[in-house]
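# Understanding the architecture of this molecule
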Amino acid sequence: MKQYRDLGDPLDGADVVLIGLFSAKEKQYEARLDEFAGLVEARGGRVVARFVQRRGASDRWKRRPGGSLRMSQPFSRRTLLTHGKLREIAQACRESQIDAAVFVNTLTHRQRSVLAGILGCLVFSGEDLAVHGETG
């Protein structure tokens, strides 16, 4: 059982996985992940893995636009993670005994609870770290 240094902050002493959904057009996604890794480490967590889901740069279908047009919308069952990527992350969380998953993107309460059940760990969004006063 892990020993946490500060019972007030669930990231303190935790093994954390970073997860981000980015448009294929966004070239600086690694820098954003680095920024969030710094925020996690500032709170006492240790980033042990990173996962990136890139979504399409094309919008070929006008009636059902996808890809880059959906990137600015909140997550939905169609814009979050593919089933394969989610299975890959869940397996890595189980194998590495991850304590928390930090999604760079904003999550709804429902998404957090569903993802926590699938991943078997606490789930945070990027705005949780920003609210903590670490970034803008």
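Here's a quick rundown of the structure. (Residues numbered from 1 in each chain as written. Predicted model: local features only at pLDDT ≥ 70, side-chain atom pairs only at ≥ 80, totals over all residues. Heavy atoms only, no water.)

### Observations concerning the pattern of salt bridges
Close approach of charged atoms allows side chains with opposite charge to pair. Per the stated rule, a full pass over the model turns up seven salt bridges. Residues R46 and D15 are paired through a salt bridge, measuring 3.1 Å at the closest nitrogen-oxygen approach. Taken together, the positions of R46 in strand β2 (residues 46-55) and D15 in strand β1 (residues 15-23) put the pair 31 residues apart, joining distant regions of the chain. The exposure class assigned to D15 is buried, which follows from its relative accessible area of 11%. Here R50 makes a salt bridge to D34, at a shortest N to O gap of 2.7 Å. Taken together, the positions of R50 in strand β2 and D34 in helix α1 (residues 29-42) put the pair 16 residues apart, joining distant regions of the chain. By relative accessible area, which is 35% here, R50 ends up partly exposed. Accessibility expressed as a relative area gives 43% for D34, which makes it partly exposed. Several salt bridges converge on common partners, so that one network encompasses E30, D34 and R50. (Salt bridge = Lys/Arg side-chain N within 4 Å of Asp/Glu carboxyl O. Helix = DSSP H or I, 4+ residues; strand = E, 2+ residues; numbered from the N terminus. Buried < 20%, exposed > 50% of the residue type's maximum accessible area, 1.4 Å probe, protein only.)

### A short note on the state of the cysteines
Counted under the stated rule, the structure contains zero disulfides. Cysteine C93 remains unbridged, with the sulfur of C121 as its closest cysteine sulfur at 4.4 Å. (Disulfide = S-S within 2.5 Å.)

### Observations concerning the packing of aromatic side chains
Taken as a whole and judged by the stated rule, the model has one aromatic pair. Here the aromatic rings of F22 and Y29 are separated by 5.6 Å at their centres, their planes lie at 40 degrees, and the arrangement is tilted. (Phe/Tyr/Trp six-rings, centres within 6.5 Å; stacked < 30°, edge-to-face > 60°.)

### Re the sheet that holds strand β3 (residues 100-103)
Two orientations exist for strands paired in a sheet by backbone hydrogen bonds: parallel and antiparallel. Taking strand neighbours across the sheet as the criterion, the four strands line up as β2-β1-β3-β4 in an open arrangement whose pairing is parallel. Edge strands, defined here as strands with exactly one partner in the open sheet, are β2 and β4 (122-125). With direction set aside, neighbouring strand axes in the sheet form an average angle of 20 degrees. Here four bridges tie β1 to β3, and the two strands are oriented parallel to one another. By the bridge assignment for β3, L18 is matched with V102. Along the sheet face, α1 touches β1, β2 and β3 and points at about 150 degrees away from the line of β2. Relative to the sheet, helix α3 (residues 109-119) contacts β1, β3 and β4, its axis offset from that of β4 by approximately 140 degrees. (Pairing = 2+ DSSP bridges. Axes fitted to C-alpha atoms, helices over the stretch in contact; angles between N-to-C directions. Contact = heavy atoms within 4.5 Å.)

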